[in-house]
Amino acid sequence: MIKDPLVQDLLYEVINEEEDGSIKIVECLIKGKVTDEEIAEATELRLNIVRRVLYKLYDAGLASYKRSKDPETQWYTYTWKFEVEHVEEMINRKNQEIVSNLKSILDYEENNMFFACKSNDCRCTFDEASENGFICPKCDGVMEYMDNAPIIEQIKEDLVIYDEIDFGANKNS
Ligand SMILES: [Zn+2]
């Protein structure tokens, strides 16, 4: 799943680090390295970087940890877990937001007529354009009807793509 571009996008967004190894940290976690020290050793990243990334994941709900005390040394150990299900939830939720956003843009495009000047520096609805006497507020050029069919087409294509994404649903297929 870590190779999935949707997962990688989400992780980059959450971790938000220049550090190249942050994905490696998650990989390690998935493969069963559960302490910051094990991960630092396996990835050859500095311990403080590993910890920072782990806490960012925790902050976003993508990782959790358990604290346990070593009875002999009295030291605390943190064992980490990557929350796969939460990743799927977050991706699907983000996706639903994109879909509903696209739907409202589509609605706006389908229910309005648009006007623009030749230099296309201002795109207005019929009401906005007629208020200005069909003169562009930016360049004083004449505003003419502009067919938005290509825009509507593009939004519909995007909607099909996003609508098909149901992340995690096909993981067993
Ligand atoms: Zn203009």
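Fair warning: this is a prediction, and the values are worked out from it, not measured in the lab. (Residues numbered from 1 in each chain as written. Predicted model: local features only at pLDDT ≥ 70, side-chain atom pairs only at ≥ 80, totals over all residues.)

What follows covers the overall build of the chain. A tally of regular secondary structure across the chain gives 7 helices and 5 strands. In sequence order, the chain lays out its α and β elements as α-α-α-α-β-β-α-β-β-α-β-α. The globule rule puts the C-alpha radius of gyration for 173 residues at 16 Å, and the 25 Å found for the chain is more than 25% above it. Taking the principal axes of the C-alpha coordinates as reference, the chain spans close to 85 × 40 × 25 Å. Each of the 173 residues in the chain was classed as buried or not, and the buried ones make up 16%. Residue pairs in contact within the chain that sit at least 24 positions apart in sequence constitute 49% of those at least 6 positions apart. (Helix = DSSP H or I, 4+ residues; strand = E, 2+ residues; numbered from the N terminus. Rg over C-alpha atoms; globule rule 2.2 N^0.38 Å. Buried ≥ 20, exposed ≤ 12 C-beta atoms within 10 Å, placed from the backbone. Contact = placed C-beta atoms within 7 Å.)

As assigned here, the chain comprises domain 1 (5–82) and domain 2 (94–164). For domain 1 versus domain 2, the distance between C-alpha centres works out to 44 Å. (Domains from an automatic or database assignment.)

Turning our attention to unusual backbone geometry. The phi angle at Glu44 is positive, at roughly 60 degrees, despite the residue not being glycine. Mapped onto the secondary structure, Glu44 falls in the loop between helix 3 (36–43) and helix 4 (47–59). Phi at Phe134 is positive, roughly 60 degrees, even though this residue is not glycine. Looking at where Phe134 falls in the secondary structure, it is placed in the loop between helix 6 (126–131) and strand 5 (144–146).

Across the interface, helix 5 (residues 84–110) lies against helix 7 (residues 149–164) with an axial gap of 10 Å and an inter-helix angle of 160 degrees. Compared by their axis directions, helix 5 and helix 7 come out roughly antiparallel. In this structure, helix 5 crosses over helix 7, and the sense of that crossing is left-handed. Seen from helix 5, the contacting residues are Asn95, Ile98, Val99, Leu102, Ile105, Leu106, Glu109 and Glu110; seen from helix 7, they are Ile151, Ile152, Ile155, Lys156, Asp158, Leu159, Tyr162 and Asp163. Looking at side-chain class alone, the contact of helix 5 with helix 7 contains 10 nonpolar, 1 polar and 5 charged residues. (Axes fitted to C-alpha atoms, helices over the stretch in contact; angles between N-to-C directions. Parallel < 35°, antiparallel > 145°, perpendicular 65-115°, else oblique. Left-handed = near helix turned anticlockwise from the far one by under 90°. Nonpolar A, V, L, I, M, F, W, Y, C, P; charged D, E, K, R; others polar.)

Spatial strand order, 4-3-5: 3 strands in an open sheet with antiparallel pairing. Only two strands of the sheet have a single partner each, and these edge strands are strand 4 (123–125) and strand 5. In this sheet, neighbouring strand axes are inclined to one another by 45 degrees on average, regardless of whether the strands run parallel or antiparallel. Two strands pair when backbone bridges link them, and strand 3 (residues 114–116) and strand 5 are joined in this way by 3 bridges, in the antiparallel orientation. When the sheet's bridge partners are listed, Phe114 is paired in strand 5 with Met146. (Pairing = 2+ DSSP bridges.)

The next thing to look at is the packing of helix 3 against helix 4. Contact geometry of helix 3 with helix 4 gives a least axis separation of 9 Å together with a crossing angle of 120 degrees. Between helix 3 and helix 4, the interaxial angle falls into the category oblique. The element helix 3 and its partner helix 4 pack so that their crossing is right-handed. Side by side, helix 3 and helix 4 meet where Asp36, Glu37, Ile39, Ala40 and Thr43 of the first sit next to Leu47, Val50, Arg51 and Leu54 of the second.

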